[in-house]
Amino acid sequence: MKAFSSPLAIARFALTLAVATPLMLPAATAQPEAALEARLDARFDELAQAGFTGFAAIARDGEIIFARGAGFADPATRRPFTLDTQVDILSITKSFTGMAIASLVDAGRLSPDATLADFFPDVPGDKAAITVQQLLTHTAGLPDAVGDDFSDEGWDSVREKGFAAELLHAPGSAYRYSNLGFSFLAAIIESVTGRTYEDYLVNDLLVPAGIEQTGYLSVYDDALAARSSRGEPVIDASWGGHAPNWNLIGNGGLVSTPRDMIAWEHAYQNATIVSPAARDLAHAPLVREGEGAPSFYGYGLVVEDDPQFGRIYWHNGGNRSFNSHWRVLADQGYQLFATTNQRSVSADRAIEALVAALMDQEFEVQRPRQVLADPAALPDTAGGRAAAEFLAMIASDDEAVWRDYVLNRMSDDMRAVAPMEGHLEMMRQVHQDFGDAALVAVLESQDMIELHLRDPQTGETIPVVIEYAADGSVTGLLLG
């Protein structure tokens, strides 16, 4: 999930965005291996006790120094998580797309200044001058999405909807996260190479570097794939029961393994998967992620310079079933990856906790809030009324109710994030996932109310944050 700020939070209910986890830690110092191992084990035990299920791995200069799993990759068969469990890396896919684009730019086959008009003769005038670099850095002005992750939609349909969508701002004038922009990049890769996105990424870049379990359907192995807490494999929980559609290609949905991810991070940083020039191009801090943000976006990855800790590269992603996070502490020589199949203790939190352990820092692993056993009541406040409207909307299976909510309850910025068709597809998914969830806790603060809904299938408690303005319009919405 990226940017909890109001206009962006609605961007996709199948949340495939990045969440900032800034770390302000001192530089690493030499430390006994036994002490480091003990700290990491103890911290991971705390994560597992708090409810983390998944896998975490840490390498130093490419050599794995920590690798542990908790819970089950397949709850039904009690198959454990391992270094070779296939997991959905979600929006981390953008880091691979950025790498592929950088390799083509370095080879002289593509220019960062090339425009959509150079590849798509039917592009409308308002989008014709959008550049490759603007797509890479989320500054093109495109909406987050124009369709659903789980549909079976081809490129022609996604392109047509993307061309018809209203721009959210003039190209190049602002940063606004867009999954659609990376789907356009995947199509540009196909245009330049004459190959499918997956074929070029896998066979030209990954396999030659020894990274053989990362890709889409060509590498997917149901026997190795993680299951959601509902028991659904990646192909169902993330792709909709079929090969990924063009609302995912290039921006999300790649599968990988913890072993592959650690190998990829090291190979990328060492410039053995692409040239040093391509690596440096992709890793440059090009666009600040919002006014005053401590982080910048490069080619499909986040760049941070901490005055004490040094250079950090990372990306993450999540949907209703899985979340993952990769992080490189470049000045310290560490590569990290974490992945989970539950919501209570995220991969972001696991990475933050383990980095603190690496640096011998105190860190409190918080357990999920205890919630009430009986249904909770909403307060008679502006937040309570906003929550009641939201709950009534997601409980309904009537598309007219969803449309009315978008038109009459969302702020102008919220509506602008996606075309109406995209909003309706999102509402349909939220209804299916959370429409009959019980309200078990309510927390309220100024301009925001947090609900806790109990998933009737898994028993998990799902947080929902609703932000609202003085006039009652919903300005932000975050699920999971």
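Above this note sits the structure.
Residues numbered from 1 in each chain as written. Predicted model: local features only at pLDDT ≥ 70, side-chain atom pairs only at ≥ 80, totals over all residues. Heavy atoms only, no water.

*Asks:* An account of the overall build of the protein chain is needed here, citing residue identities and associated values.
*Replies:* In terms of helices and strands, the protein chain carries 16 helices and 16 strands. For 480 residues, the compact-globule estimate of 2.2 N^0.38 gives 23 Å, and the C-alpha radius of gyration of the protein chain, at 21 Å, lies within 12% of that figure. Considered along the principal axes of its C-alpha atoms, the protein chain spans approximately 60 × 60 × 45 Å. Out of the 480 residues in the protein chain, the part that is buried amounts to 59%. Surface exposure of the protein chain reaches about 17,500 Å², of which carbon and sulfur atoms provide 49%. Separation of charge centres in the protein chain, based on 33 positive and 66 negative side chains, amounts to 2 Å. (Helix = DSSP H or I, 4+ residues; strand = E, 2+ residues; numbered from the N terminus. Rg over C-alpha atoms; globule rule 2.2 N^0.38 Å. Buried < 20%, exposed > 50% of the residue type's maximum accessible area, 1.4 Å probe, protein only. Areas by Shrake-Rupley, 256 points an atom, 1.4 Å probe, with all protein chains shown as cover. Lys, Arg positive; Asp, Glu negative; His and termini not counted. Charge placed at Lys NZ, Arg CZ, Asp CG, Glu CD.)

*Asks:* Go over the sheet that holds strand E14 (residues 448-454) with me, naming the residues and quoting the values.
*Replies:* Spatially, E13-E14-E15-E16 is the arrangement adopted by the four strands of the open sheet, whose pairing is antiparallel. What marks the edges here is a single partner per strand, and that holds for strand E13 (438-445) and strand E16 (474-479). Across the sheet, the axes of successive neighbouring strands diverge by a mean angle of 20 degrees, strand direction being ignored. Pairing of strand E15 (residues 461-468) with E16 involves five bridges; the strand directions are antiparallel. Bridged to Glu467 within E16 is Gly476. (Pairing = 2+ DSSP bridges. Axes fitted to C-alpha atoms, helices over the stretch in contact; angles between N-to-C directions.)

*Asks:* With reference to specific residues and values, describe the sheet that holds strand E2 (residues 63-70).
*Replies:* The strands that make up a sheet pair up through hydrogen bonds in the backbone, lying either parallel or antiparallel. Judged by pairing direction, the sheet is antiparallel, and its eight strands sit side by side in the order E2-E1-E12-E11-E10-E9-E8-E7 without closing on themselves. Taken across any chain shown, the strands that pair with only one partner, and hence form the sheet edges, are E2 and strand E7 (287-288). Sheet analysis places strand E9 (residues 302-306) next to strand E10 (residues 310-318), joined by five bridges and oriented antiparallel. Across the sheet, Asp305 pairs through a bridge with Arg311, a residue of E10. Sitting on the sheet, helix H10 (residues 258-269) is in contact with strand E1 (54-60), E2, E10, strand E11 (323-329) and strand E12 (334-340), with an inclination near 150 degrees to E12. (Contact = heavy atoms within 4.5 Å.)

*Asks:* Quick rundown of the packing of aromatic side chains? Include the residues and the values.
*Replies:* In total, this model carries 17 aromatic pairs according to the counting rule given. Geometrically, the ring pair formed by Phe120 and Phe184 is edge-to-face, given 5.9 Å between the ring centres and 70 degrees between the ring planes. Placement of the pair is Phe120 in the loop between helix H4 (116-119) and helix H5 (132-136) and Phe184 in helix H7 (residues 179-193), with a sequence separation of 64 residues. Its relative accessible area of 6% is what places Phe120 among the buried residues. According to the relative accessible area criterion, Phe184 is buried, its value standing at 0%. On the basis of an interplanar angle of 85 degrees and a centroid distance of 5.1 Å, the ring pair of Trp264 and Trp326 is categorised as edge-to-face. With Trp264 in helix H10 and Trp326 in strand E11, this residue pair connects regions lying 62 residues apart in the sequence. Taken individually, Trp264 and Trp326 each receive the classification buried, so the pair is uniform in this respect. Through successive ring pairs, a cluster of aromatic residues spans Phe119, Phe120, Trp155, Phe163, Phe184 and Trp246. (Phe/Tyr/Trp six-rings, centres within 6.5 Å; stacked < 30°, edge-to-face > 60°.)

*Asks:* Just give me the short version of the pattern of salt bridges, but keep the residues and values in it.
*Replies:* Summed over the entire model, instances satisfying the criterion amount to 23 salt bridges. Here Glu399 and Arg403 are joined by a salt bridge, their closest N and O atoms 3.6 Å apart. Of this pair, Glu399 and Arg403 both sit in helix H14 (residues 399-408), four residues apart, which is roughly one turn of that helix. For Glu399, a relative accessible area of 34% translates into the label partly exposed. Three or more residues joined by partner-sharing salt bridges are found here, namely Asp41, Asp45 and Arg68. (Salt bridge = Lys/Arg side-chain N within 4 Å of Asp/Glu carboxyl O.)

*Asks:* Quick rundown of the nonpolar core? Include the residues and the values.
*Replies:* Core analysis: the largest hydrophobic core is formed by 115 residues, its most contacted members being Phe96, Met99, Phe120 and Trp264. No other element matches helix H12 (residues 347-358), which puts nine residues into this core. Leave out the neighbours within four places in its chain, and Met99 touches Leu201, Leu205, Leu206, Trp264, Tyr268, Ile273, Val274 and Tyr299. Grouped together as the second largest cluster of nonpolar side chains are 27 residues, Ala386, Ala437, Ile462 and Ile466 included. (Core = buried A, V, L, I, M, F, W, Y, C linked by side-chain atoms within 4.5 Å.)

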